[in-house]
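# Descriptive analysis of the structure
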There are 4 protein chains.
Amino acid sequence: MAQREPVMNERELEEFLDEVFPQQRGKFTIEKMASMEARLRMKITEAELRPGGTVSGPAMFTAVDCAFYVVVLGMIGRQALTVTTNCAINFMRKPEPKDLVVEAKLMKLGKTLAVGDATVFSPGVEGPVCHASLTYAIPPAR
Amino acid sequence: MAQREPVMNERELEEFLDEVFPQQRGKFTIEKMASMEARLRMKITEAELRPGGTVSGPAMFTAVDCAFYVVVLGMIGRQALTVTTNCAINFMRKPEPKDLVVEAKLMKLGKTLAVGDATVFSPGVEGPVCHASLTYAIPPAR
Amino acid sequence: MAQREPVMNERELEEFLDEVFPQQRGKFTIEKMASMEARLRMKITEAELRPGGTVSGPAMFTAVDCAFYVVVLGMIGRQALTVTTNCAINFMRKPEPKDLVVEAKLMKLGKTLAVGDATVFSPGVEGPVCHASLTYAIPPAR
Amino acid sequence: MAQREPVMNERELEEFLDEVFPQQRGKFTIEKMASMEARLRMKITEAELRPGGTVSGPAMFTAVDCAFYVVVLGMIGRQALTVTTNCAINFMRKPEPKDLVVEAKLMKLGKTLAVGDATVFSPGVEGPVCHASLTYAIPPAR
């Protein structure tokens, strides 16, 4: 089949994130938006660190959830109400207390459901620190 | 078999949370710690709200993760390094922009793994807003 | 809210299973169908045993999947095309090489999605042997 | 780091499967075993078909579970007692009533836990029909 192309680019997606989540302005940099995949960088601050100098589980959840939101919106366009219905997340390695890099991929982009996964990397750590499978519900177009 | 009893009570668990997560002091109230189960209340602040007046997915993840941490520690005692290895979470209903109540239950408490689930309620919403299955790795005693 | 009642009883559900899955006739006994919950018994045969005298993972998956199918159909009526979209399953204890008992519960029964869980017991084993969270897609009525 | 190499090849793995699961002899063909990944083909028989001419969910679970078992054993050697502790599976598309192809990948191969995923393809269907994240417990060496 013909490859499906994104309908929003990196800069448009960042502006949209800043618009709908103003309290997180500047937290995410969208490094890449391509067909059915995206790569983000997430700034980690003091509040997201844990004893032992690592990044908290909820911060990693935020990273995969946001990356998946971006890859879905990049493909279907501005739909703030798209919501996560399901996420299965495995924590595999201790991240460094540094920014995270997340790669999200869509495996299915249907009319009502999007299914895919997201992998989190921590610079300096070999192998992914975290992996998640996600499902998003896409609200019917009006 | 004889029912296994908790080794920490509500107040001891709250103090421990404040000690290991000082940046979240006062965020969680532990309403109940009983055999293999716990109930918590989590304060929701402006930063955790989303457009449409609801609570964010990462905030609900934080709620289930913390509740499961509490029920595990309540049964095995102070072990800050216990870590989530796996979480499968379903988002079912839109919570109100209010505090969340979480009930966590252990289904297995082995020497190296604890398995159970956590259910999130939003006062005023009928039925759970979110449900998660979690696995924790318990570090070997030294 | 008023409690929602089942629209099929135990015997009707068993007959429906035998009709749509004739190759499994007699494998499942439906012990209970009540509001938003069901209990089944699944016959275990030689082919589902594993070395060490235990029941295979795929057999336990079959048990949770069938029990969830039954509880959904019991509430919405005969809809053979209802399909599993998602299942997160934790294997906790080694079952005995015997029949399994499964309890399924619905936490949400919407127009297009049903969400709930199923817990598997093995007679003689203390505590559940397996627990799963499941999501079903309900096809639009015609 | 130096790439970790498999310790069993395709033929050795097939022989091992036939030995530990004699009731499934010939069901799986191992097409590839490479560093941290494997590809299998699973024969589908009448018993695994469903109304509407598709493959059952439990058959797809069997495919991902077996493929993950193979990739783990291919890397660590013959350990029949390695067991699935957790699987999160998404069913995305209706497979054809034909043999399935499964690709399994390891993301982490620790001393006690192996974590990775498996993707199922149905010849003639565009895109994966099913995707699963799995965790295996590796028993301590004696």
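Attention in this report is confined to the structure presented alongside it.

Criteria and thresholds
In this convention, every chain numbers its residues from 1, walking through the sequence in written order. A letter from A marks each chain and a number from 1 marks each ligand, given out in the order of writing. For this predicted model, a pLDDT threshold of at least 70 governs which residues receive local features, and a threshold of 80 or more governs which side-chain atom pairs are given and counted, while totals over whole chains, interfaces and linings are taken from all residues. Values reported for side chains reflect all heavy atoms of the structure, with hydrogen atoms and water molecules removed beforehand. Working definition: a ring pair exists when centres of Phe, Tyr or Trp rings (six-membered ring for Trp) sit within 6.5 Å. Plane angles under 30 degrees give stacked, over 60 give edge-to-face, the rest tilted. Contacts are assigned to residue pairs with any non-hydrogen atoms lying within 4.5 Å of each other. As used here, buried area is the combined drop in accessible area, with a 1.4 Å probe, of two parts when they are placed together. Any Lys or Arg side-chain nitrogen found within 4 Å of a carboxyl oxygen on Asp or Glu counts as a salt bridge. Remark: exposure states derive from per-residue accessible area (1.4 Å probe, protein chains only) relative to the maximum for the residue type, with buried under 20%, exposed over 50%, and partly exposed in between. Runs of H or I in DSSP of at least four residues are treated as helices and runs of E of at least two as strands, each being numbered from the N terminus. Paired strands, in this sense, are two strands between which DSSP finds at least two bridges. Every axis in this analysis is a line fitted to C-alpha atoms, fitted for helices over the stretch in contact. Angles between the N-to-C directions lie between 0 and 180 degrees. Only buried residues count toward a nonpolar core, which is a set of Ala, Val, Leu, Ile, Met, Phe, Trp, Tyr and Cys residues joined through side-chain atoms within 4.5 Å. Angular relationships are summarised with four words: roughly parallel below 35 degrees, roughly antiparallel beyond 145, roughly perpendicular across 65 to 115, and oblique for the angles in between. Should the near helix be turned anticlockwise from the far one by less than a right angle, the crossing is left-handed, and should it be turned clockwise, the crossing is right-handed. Nonpolar residues are Ala, Val, Leu, Ile, Met, Phe, Trp, Tyr, Cys and Pro. Charged residues are Asp, Glu, Lys and Arg, and all others, Gly as well, are polar. As used here, the arc belongs to the directions running from the helix axis to the C-beta atoms. Here a polar contact is taken to be a pair of N or O atoms separated by no more than 3.5 Å, where protein atoms must pair a possible hydrogen donor with a possible acceptor and residues adjacent in sequence count only if both atoms sit in side chains. To line up the copies, we fit them by least squares on C-alpha atoms, keeping just the residues with pLDDT of at least 70 in both.

### Details of the packing of aromatic side chains
A full pass over the atoms with the stated rule returns 18 aromatic pairs over all chains. An aromatic cluster of three or more residues is present, and its members are Phe21, Phe68, Tyr69 and Tyr136 of chain A.

### Notes on the interface of chain A and chain D
The interface of chain A with chain D comprises 14 residues on the first partner and 14 residues on the second. Overall, the association of chain A and chain D removes approximately 1,400 Å² of surface from exposure, summing both partners, and the carbon and sulfur fraction of that is 55%. It is Asn90, Met92 and Met107 of chain A in chain A that bury the most area against chain D; as a group they hold 37% of the surface buried on that side. Inspection of the region where chain A meets chain D yields zero salt bridges.

### Remarks on the pattern of salt bridges
Here the structure, examined in full by the defined rule, presents 28 salt bridges over all chains. A salt bridge links Asp18 of chain C to Arg25 of chain C, with the nearest nitrogen and oxygen atoms 3.9 Å apart. Arg25 of chain C gets classed as exposed once you look at its relative accessible area, which sits at 57%. In this structure, Arg41 of chain D engages Glu31 of chain D in a salt bridge whose closest nitrogen and oxygen atoms are separated by 2.8 Å. Here Glu31 of chain D lies in strand S1 (residues 28-34) and Arg41 of chain D lies in strand S2 (residues 37-42), a separation of ten residues in the sequence. In this structure Arg41 of chain D comes out as partly exposed when scored by relative accessible area, which is 31%.

### Digging into the sheet that holds strand S5 (residues 83-91) of chain A
Read from one edge of the open sheet, twelve strands run S1(A)-S2(A)-S6(A)-S7(A)-S8(A)-S5(A)-S5(B)-S8(B)-S7(B)-S6(B)-S2(B)-S1(B), paired in antiparallel fashion. Pairing within the sheet leaves two strands with one partner each, and these edge strands are strand S1 (28-34) of chain A together with strand S1 (28-34) of chain B. Direction aside, the axes of adjacent strands within the sheet are offset by 20° on average. With respect to the sheet, helix H2 (residues 57-76) of chain B is in contact with S5 of chain A together with S1, strand S2 (37-42), strand S5 (83-91), strand S6 (100-109), strand S7 (113-121) and strand S8 (130-137) of chain B, its orientation differing from that of S6 of chain B by roughly 45°.

### As for the nonpolar core
Burial of nonpolar side chains together is a common tendency in soluble globular proteins. Core analysis: the biggest nonpolar cluster contains 94 residues, and Ile89 of chain A together with Ile89 of chain B have the highest contact counts within it. Not counting residues within four places of it along the chain, the set of residues in contact with Ile89 of chain A comprises Phe61, Val64, Cys130, His131 and Ala132 of chain A together with Phe61, Thr85, Asn86 and Cys87 of chain B. Within the second largest apolar cluster, 93 residues are counted, among which are Phe16, Val55 and Val102 of chain C together with Phe91 of chain D.

### Quick notes on the packing of helix H2 (residues 57-76) of chain C against helix H2 (residues 57-76) of chain D
When two helices pack together, their arrangement is given by the angle between the helix axes and the distance between those axes. The geometry of H2 of chain C relative to H2 of chain D is characterised by a closest axis approach of 9 Å and an angle of 150° between their N-to-C directions. Here H2 of chain C lies roughly antiparallel to H2 of chain D, going by the angle between them. The hand of the H2 of chain C/H2 of chain D crossing is right-handed. Each of Gly57, Pro58, Phe61, Thr62 and Asp65 of chain C in H2 of chain C lies in contact with H2 of chain D, whose residues at this interface are Gly57, Pro58, Phe61, Thr62 and Asp65 of chain D. Grouping the amino acids of the contact of H2 of chain C with H2 of chain D by side-chain chemistry returns four nonpolar, four polar and two charged.

### A look at helix H1 (residues 10-20) of chain A
The periodicity of an α-helix, 3.6 residues per turn, causes residues three or four places apart in sequence to face the same way. All names here are of chain A. Along H1, the residues that are buried comprise Leu13, Phe16, Leu17 and Val20. The arc enclosing the buried residues of H1, seen along the axis, measures out at 100°, which places them on a common side. Close packing links the buried residues of H1 with S1 and helix H2 (57-76). Backbone nitrogen of Arg11 and a side-chain oxygen of the N-cap are separated by 3.1 Å at the start of H1; the cap is Asn9.

### A look at the relation of the copies chain A and chain D
Least-squares fitting of chain A to chain D yields an RMSD of 0.0 Å, with the superposition described by an axial translation of 0.0 Å and a rotation of 180°. Such a turn and shift between the copies fits a two-fold axis. Residue Ala88 of chain A, judged by its C-alpha, is the member of chain A lying nearest the rotation axis, at 3.2 Å. The residues that chain A uses at the interface reappear at the interface of chain D in 100% of cases, marking a shared surface.

### Notes on the interface of chain A and chain B
Facing 22 residues of chain A, the contacting portion of chain B comprises 22 residues. Between chain A and chain B, the buried area comes to about 1,700 Å², and carbon and sulfur atoms account for 54% of it. Ranking the residues of chain A by area buried against chain B places Pro58, Phe61 and Phe91 of chain A at the top, with a combined share of 27%. On inspection of chain A and its partner chain B, the count reaches zero salt bridges. At the junction of chain A and chain B, the tally comes to nine residue pairs in polar contact (both at pLDDT 80 or more). Listed by contribution, the elements that provide at least two residues to the side of chain A that touches chain B are strand S3 (49-50), H2 and S5 of chain A.

By themselves, these are just geometric observations and shouldn't be taken as functional.
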